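Structural description and commentary
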Amino acid sequence: MNDWFVVRFEVDSGEVVLLDQRRLPGEVHYLRCGTLDQVADGIRDMVVRGAPAIGLTAAYGMVMHARQELDSGERSDASTFLVTLGAVGKALNATRPTAVNLSWAVARMARKASEVASLDPKSRYQAMLGEARAMHQEDAQACHTMGKLGAEDVPEGATVLTHCNAGALATGGYGTALGVIRAAHEAGKNIRVLACETRPYLQGARLTAWELHQDGIPVEVICDNMAGHLMSRGEVQFVVVGADRVAANGDVANKVGTYSHAVLANHHGIPFTVAAPWSTVDVRTATGSDIEIEQRPPDEVARCGDRIVVPQGVPCRHPAFDVTPANFIDALYTDRGRFEPKGGWVLPG
Ligand code: MRU
């Protein structure tokens, strides 16, 4: 059990409390958000990140709205409650476009709001809080389910490569890709992990390494551009990553750099796998090319920590995600089972 948490709704203060992941691994520091803008900024500015975790944060942001209505003592009618909550959901949805868990969570909270809109403010707030907490628990449970499934495929003695951070820090708990790794470790498999550093935010170096090291799972950090070399030398036996959106045809959007690992793994005959809860599967997006790729500030690429490493006046680009086609993916582990997108993906009903 971790002695830290990623996101929590604090009932006493009515605030959303976020672990500031930008400060890890140096410092475990929590940011208290008492306004919608603070919650939205927390998602946009990477205080909290990872597809399921930003969905949960948005859900708690909507709980905060219901709570503020309760605290104000003014009872809005059902339609005013839904209209104002709709605006909150829209603002949260606009923070990061690629991870579908965000809009999925906002839609689920909006459905709950419609069910309880005719009730008094206290009952509305309690129902919204109950829904957000249920989502949180369900996500952690989904991670355990897919972790067990994926762990069966991890070879004994394997070196497992992962990219970005798809761990407890990115989910309701346990992690998706890191859930597979944790479950394999817990099953007694003697595995070690190569964490790609994941420029420019260094989620692999800072976050994945931090989580796995705490759990006593052997982990080594490499620069993103070292993966091909190590694969060519037979030093990687399995790849597992998370996902921000799985299109209806099985294409997967994940942190930029994932596609390169998939191409390399396929070239070298190394299983390339993805773990994601069903809330990441987007049946309304037909293919990977329909997925909006978040373009983040170029300045994030120009910097390495506090230092600017690109000559002044030279432009940079920062597409934050890429798409791996279904036919590069040997297995997709979900809370609804294990699928094989490679060679024909049929979306289950
Ligand atoms: O930009 P980030 O850090 O939010 O990107 C996170 C990822 O790409 C993760 O792999 C993905 O969200 C899955 S998290 C379980």
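Structure: see above.
This text gives an overview of the structure that appears in the document. (Residues numbered from 1 in each chain as written. Predicted model: local features only at pLDDT ≥ 70, side-chain atom pairs only at ≥ 80, totals over all residues. Heavy atoms only, no water.)

This part covers the sheet that holds strand 3 (residues 30-33). Overall, antiparallel pairing links the three strands, which are arranged 1-2-3 in an open sheet. Strand pairing shows two members of the sheet lacking a second neighbour, strand 1 (7-10) and strand 3, which therefore form its edges. Put simply, the sheet's adjacent strands are angled 25° from each other on average, direction ignored. As judged from the four bridges shared by strand 2 (residues 15-19) and strand 3, these two strands associate in the antiparallel manner. Bridge pairing links Leu18 to Leu31 in strand 3. (Pairing = 2+ DSSP bridges. Helix = DSSP H or I, 4+ residues; strand = E, 2+ residues; numbered from the N terminus. Axes fitted to C-alpha atoms, helices over the stretch in contact; angles between N-to-C directions.)

A separate point is helix 1 (residues 36-44). Restricting attention to buried positions, one finds in helix 1 the residues Val39, Ala40, Gly42 and Ile43. Summarising the axial view, the buried residues of helix 1 lie within an arc of 155°, below the 170-degree limit, and thus occupy one face. Buried residues along helix 1 sit in contact with strand 2, strand 3, helix 2 (51-72), helix 3 (78-93) and helix 4 (100-116). Two residues or fewer after helix 1 comes Met46, characterised by a positive phi angle close to 70°. (Buried < 20%, exposed > 50% of the residue type's maximum accessible area, 1.4 Å probe, protein only. Arc of directions from axis to C-beta. Contact = heavy atoms within 4.5 Å.)

With that out of the way, let us pick up the site of the ligand. Near the ligand, the surroundings consist of 18 residues, among which Arg49, Arg96, Gln203, Asn254 and Lys255 are the closest. Between an oxygen atom of the ligand and a side-chain N or O atom of Arg96, the distance comes to 2.8 Å. With respect to the ligand, the side chain of Asn254 contributes an N or O atom lying 2.6 Å from an oxygen atom. Its free accessible area being 410 Å², the ligand has 99% of it covered by the protein chains. In a pocket analysis with a 2 Å cut-off to the grid points, the ligand is assigned to the largest cavity. Looking at the shell around the ligand, the elements with two or more residues in it are helix 2 and strand 9 (252-255). Here the residues of the shell around the ligand are counted per class, giving eight nonpolar, six polar and four charged. (Near = heavy atom within 4 Å. Polar contact = N/O pair within 3.5 Å; in protein donor to acceptor, adjacent residues only side chain to side chain. Areas by Shrake-Rupley, 256 points an atom, 1.4 Å probe, with all protein chains shown as cover. 1 Å grid on protein atoms, 1.4 Å probe; cavity = no way out; pocket = protein on both sides within 12 Å on 5 of 7 lines; lining within 4 Å. Sits in = over half its atoms within 2 Å of the grid points. Nonpolar A, V, L, I, M, F, W, Y, C, P; charged D, E, K, R; others polar.)

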